[in-house]
Amino acid sequence: MFSHVMLGSNDIAAAKRFYDAALGTLGTDEGVVDERGLLVYQYDGGRFVITRPIDGGTASSANSGTIGFLASSPDTVDAWHAAGLAHGGTAIEDPPGPRNATGGRVLYLAYLRDPAGNKLCATYRIK
């Protein structure tokens, strides 16, 4: 459904440290800063991009917006959370763990804010 997701940051170097560590736990390669200054991660046909705001303004997080990343296991969710915290992220919501979701699903989730304040979630579907 998605071709790419793009978030803003005022500090691309801090974003790269955070996302290299956090997304690395999910199996992605290190991000590449292209000739335009975009920090780009590619995985399984999709792109995740971090950029300074094109309009020259200050980057800010979306109110109520969340970017969710798929993880391969609860241990991977925990590793993602730990790597993010160790590289400038902030823990939010409840600690990593199982949550009951709609339709009888059970998800293992962890939430962080990246250094720019964007809300992120790592998800593993238990059932």
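Note: the structure precedes this text.
Notes on the structure in this doc start here. (Residues numbered from 1 in each chain as written. Predicted model: local features only at pLDDT ≥ 70, side-chain atom pairs only at ≥ 80, totals over all residues. Heavy atoms only, no water.)

### Focus: the environment of Thr-28
Threshold: By the criteria applied, helices consist of DSSP H or I runs no shorter than four residues and strands consist of E runs no shorter than two, each listed in order from the N terminus. In this description, contact between two residues means that some pair of their heavy atoms is separated by no more than 4.5 Å. Whenever two N or O atoms come within 3.5 Å, that pair is a polar contact, provided that in protein one can donate a hydrogen and the other can accept it, and provided that, for residues adjacent in sequence, both atoms are side-chain atoms.
Inspection of the secondary structure puts Thr-28 in the loop between helix 1 (12-24) and strand 2 (32-33). Here the alpha-carbon distance between Thr-28 and Val-5, two residues 23 residues apart in the chain, equals 15 Å. What Thr-28 contacts, discounting residues up to four positions off in sequence, is Leu-23, Tyr-41 and Tyr-43. A polar contact is formed between the side chain of Thr-28 and the backbone oxygen of Leu-23, at a distance of 3.0 Å.

### Some points on the sheet that holds strand 1 (residues 4-8)
In a beta sheet, neighbouring strands are held together by backbone hydrogen bonds and run either parallel or antiparallel to one another. Just so we agree on the cut-off: One bridge is not enough; two strands pair if DSSP finds at least two bridges between them.
The strand order across the open sheet formed by four strands is 1-4-3-2, and the pairing between neighbours is mixed. Since the sheet does not close on itself, it has two edges, and those belong to strand 1 and strand 2, each with one partner.

### Concerning unusual backbone geometry
One non-glycine residue with positive phi stands out, namely Asp-44, at about 50 degrees. Here Asp-44 lies in the loop between strand 3 (39-43) and strand 4 (46-51). Positive phi values are uncommon outside glycine, yet Glu-93 reaches one of about 60 degrees. Along the polypeptide, Glu-93 turns up in the loop between strand 6 (90-91) and strand 7 (97-100).

### Focus: the pattern of salt bridges
Here is the rule: Only one rule defines a salt bridge in this text: a Lys or Arg side-chain nitrogen within 4 Å of an Asp or Glu carboxyl oxygen. Per-residue accessibility, obtained with a 1.4 Å probe over protein chains only, is compared with the maximum for each type, and a residue is labelled buried under 20%, exposed over 50%, and partly exposed between these values.
One pass over the structure, following the stated rule, counts four salt bridges. Ionic pairing is found between Glu-30 and Lys-16, a salt bridge with its closest N-O pair at 3.7 Å. Of this pair, Glu-30 sits in the loop between helix 1 and strand 2 while Lys-16 sits in helix 1, and the two are 14 residues apart along the sequence. Its relative accessible area of 60% is what places Glu-30 among the exposed residues. Glu-93 is the partner of Lys-119 in a salt bridge, and the nearest nitrogen-oxygen pair spans 2.9 Å. Placement of Lys-119 in strand 9 (residues 119-125) and of Glu-93 in the loop between strand 6 and strand 7 is noted, with a sequence separation of 26 residues between them. Linked by salt bridges that have partners in common, Lys-16, Asp-20 and Glu-30 make up one network.

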